[in-house]
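Structure at a glance
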Amino acid sequence: MYQVQLTDQVYDQAKRRAAEAGFDSVDEYVADLLSDDFSESPNLDHLFTPERLAHIDDVVARVNAGEKTLTMDEFDANLAEFRANWIRRNGQ
């Protein structure tokens, strides 16, 4: 078994995240993160939090109720504008 050195700050953050995600220890949490990272098809279930799923359900309901949606051209234009603004703000 190997050990990994973490700063106190990183360990404290990992400990909080591990507890939030339901892991019994930081070791289990870090091992799970690394296993997902090394996998060719990582497990993305942790990204689908109840809040995010509720947001998705809300958007689907609004679209189904006839609320305006974007065409692909409108989406591409909005994305290009967002990207340009981000680059301008972040200097890249």
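Attention here is on the structure that accompanies the text. (Residues numbered from 1 in each chain as written. Predicted model: local features only at pLDDT ≥ 70, side-chain atom pairs only at ≥ 80, totals over all residues. Heavy atoms only, no water.)

Let us now look at the overall build of the protein. A tally of helices and strands in the protein yields 4 helices and 0 strands. Traced from its N-terminal end to its C-terminal end, the protein shows the element sequence α-α-α-α. Taken over the C-alpha trace, the protein has a radius of gyration of 20 Å; the compact-globule value for 92 residues is 12 Å, which it surpasses by more than 25%. Along the first, second and third principal axes, the C-alpha set of the protein runs to 55 × 35 × 25 Å. In the protein, which comprises 92 residues, the proportion classed as buried is 5%. (Helix = DSSP H or I, 4+ residues; strand = E, 2+ residues; numbered from the N terminus. Rg over C-alpha atoms; globule rule 2.2 N^0.38 Å. Buried < 20%, exposed > 50% of the residue type's maximum accessible area, 1.4 Å probe, protein only.)

The next point concerns helix α4 (residues 72-90). Over its 19 residues, α4 extends 26 Å from the first C-alpha to the last, a length consistent with the 27 Å expected when each residue adds 1.5 Å. Immediately downstream of α4, the backbone of G91 shows phi near 65 degrees, a positive value. (Expected span 1.5 Å × (residues − 1).)

Right, let's get into helix α1 (residues 8-21). Between its terminal C-alpha atoms α1 stretches 20 Å, which fits the 20 Å expected from 14 residues at 1.5 Å a residue. G22 sits one or two residues past α1 and shows a positive phi near 85 degrees.

The next subject is a nonpolar patch on the surface. Side chains of L44, L47, F48, L53, I56 and V60 sit close together on the surface and give an oily, nonpolar patch of about 500 Å² of accessible area. As for its position among the elements, L44 is in the loop between α2 (26-38) and α3 (50-64). (Patch = residues over 30% accessible without salt bridge, like charges linked within 9 Å, V, L, I, M, F, W, Y side chains within 5 Å. Areas by Shrake-Rupley, 256 points an atom, 1.4 Å probe, with all protein chains shown as cover. Salt bridge = Lys/Arg side-chain N within 4 Å of Asp/Glu carboxyl O.)

Any two aromatic rings considered together are summarised by their centre-to-centre distance and by the angle between their planes. In the structure shown here, the tally under the stated rule is 1 aromatic pair. Centre to centre, the rings of F23 and Y29 are 5.6 Å apart; their planes meet at 65 degrees, and the pair counts as edge-to-face. Looking at Y29, the relative accessible area reads 11%, which means it is buried. (Phe/Tyr/Trp six-rings, centres within 6.5 Å; stacked < 30°, edge-to-face > 60°.)

Among the secondary structure elements, G66 is positioned in the loop between α3 and α4. As for G66 and A14, which are separated by 52 residues in sequence, their C-alpha atoms are 43 Å apart.

Applying the stated criterion across every chain, the model contains 3 salt bridges. The shortest N-O distance in the salt bridge between D58 and R62 comes to 2.9 Å. Here R62 and D58 lie together in helix α3, a separation of 4 residues that amounts to about one turn. For D58, a relative accessible area of 36% puts it in the partly exposed group. Given the relative accessible area of 34%, R62 is considered partly exposed. Taking the shortest distance from any N to any O, the salt bridge between K68 and E74 comes out at 3.4 Å. What emerges from the salt-bridge pattern is a single network uniting D58, R62 and E67.

Interpretation in functional terms is not warranted from these geometric data alone.
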